[in-house]
Amino acid sequence: MEPLTEDAIRGSFVNCSKGEAARIKLPAGPVPWADLDFLGWTDPSAPLRALLVVPGESGPTGVLLRRPEPRRSAFSRSSMCKVCLTGHGASGVALFVAPLAGPAGRNGNTVGEYLCSDLACSLYLRGKRQPKMLLTRYEETLTLDERIARALTNLTAFTERVKAG
């Protein structure tokens, strides 16, 4: 992913007001742009708010998300991220919900997607981060570039649903 300026990130959000975008805390520390296919982070000032910025032909698209409250699960289950198709243990995948853009979002309509709970899909695809407590690793015959293209296609489909309102 090409590095983005603060103004480009804040101006990319499609499902929140300019005032809300201005109050978002950007990721702290250096961003590993070379290892990212999209930018995803949790707002440190609001831990139930997550953000995605996805590159596109017409510029980046930013989406404000609500993440579920953390809770401990008494049972072990596995889940799969719908973007990068990485399998995770119990808390590795979460349902993120985004208000729709425009009037539909202001009326409370949302769309959701199961994503890696740390929004580090790019790092999982590249093998730079491993899922916790996953007993079986799924092997694929796709190349890294093909897996990245699939992940971006999946993520773009989600952002398009948000933008469509």
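Above: the structure in question.
The structure contained in this document is the topic of the report that follows. (Residues numbered from 1 in each chain as written. Predicted model: local features only at pLDDT ≥ 70, side-chain atom pairs only at ≥ 80, totals over all residues. Heavy atoms only, no water.)

### Regarding the overall build of the chain
Right, on to step 1. Regarding its fold elements, the chain presents five helices and seven strands.
Right, on to step 2. Taking 15 Å as the expected radius of gyration for a compact globule of 165 residues, we find that the chain reaches 16 Å, a close match to that expectation.
Right, on to step 3. Projected onto its principal axes, the C-alpha coordinates of the chain cover approximately 45 × 35 × 30 Å.
Right, on to step 4. Buried residues in the chain amount to 41% of all 165 residues.
Right, on to step 5. Of the roughly 9,400 Å² that the chain leaves accessible, carbon and sulfur atoms contribute 53%.
Right, on to step 6. Here the chain holds 21 positive side-chain charges and 16 negative ones, and the gap between their average locations is 8 Å. (Helix = DSSP H or I, 4+ residues; strand = E, 2+ residues; numbered from the N terminus. Rg over C-alpha atoms; globule rule 2.2 N^0.38 Å. Buried < 20%, exposed > 50% of the residue type's maximum accessible area, 1.4 Å probe, protein only. Areas by Shrake-Rupley, 256 points an atom, 1.4 Å probe, with all protein chains shown as cover. Lys, Arg positive; Asp, Glu negative; His and termini not counted. Charge placed at Lys NZ, Arg CZ, Asp CG, Glu CD.)

### Here's the deal with a nonpolar patch on the surface
Right, on to step 1. A contiguous nonpolar surface patch, about 270 Å² in accessible area, is contributed by Met80, Leu85 and Tyr138.
Right, on to step 2. Structurally, the position occupied by Tyr138 is in the loop between α4 (121-125) and α5 (144-164). (Patch = residues over 30% accessible without salt bridge, like charges linked within 9 Å, V, L, I, M, F, W, Y side chains within 5 Å. Salt bridge = Lys/Arg side-chain N within 4 Å of Asp/Glu carboxyl O.)

### Here we look at the pairing of strand β2 (residues 49-54)
Right, on to step 1. The buried count for β2 comes to five of six residues, which makes it a mostly enclosed element.
Right, on to step 2. Strand direction decides the pairing type here: strand β1 (residues 39-42) and β2, joined by four bridges, are antiparallel. Bridge assignment links Thr42 to a residue of β2, and that residue is Ala50.
Right, on to step 3. Where β1 folds back on β2, the antiparallel hairpin that results is connected by six residues. (Pairing = 2+ DSSP bridges.)

### Focus: α5
Right, on to step 1. The end-to-end C-alpha distance of α5 is 30 Å, a good match for the 30 Å that 21 residues give at a rise of 1.5 Å each.
Right, on to step 2. Listed as buried for α5 are Arg147, Ile148, Arg150, Ala151, Leu155, Phe158, Thr159 and Val162. Buried positions in α5, seen along its axis, are confined to an arc of 165° and lie on one side of it. Exposed residues on α5 whose side chains face more than 90 degrees from its buried face are Asp145, Thr153 and Ala164.
Right, on to step 3. Among the structural elements, β2, β3 (61-66), β6 (93-99), β7 (110-116) and α4 are those in contact with the buried residues of α5.
Right, on to step 4. Downstream of α5 by a residue or two, Gly165 has a phi angle that is positive, lying close to 65°. (Expected span 1.5 Å × (residues − 1). Arc of directions from axis to C-beta. Contact = heavy atoms within 4.5 Å.)

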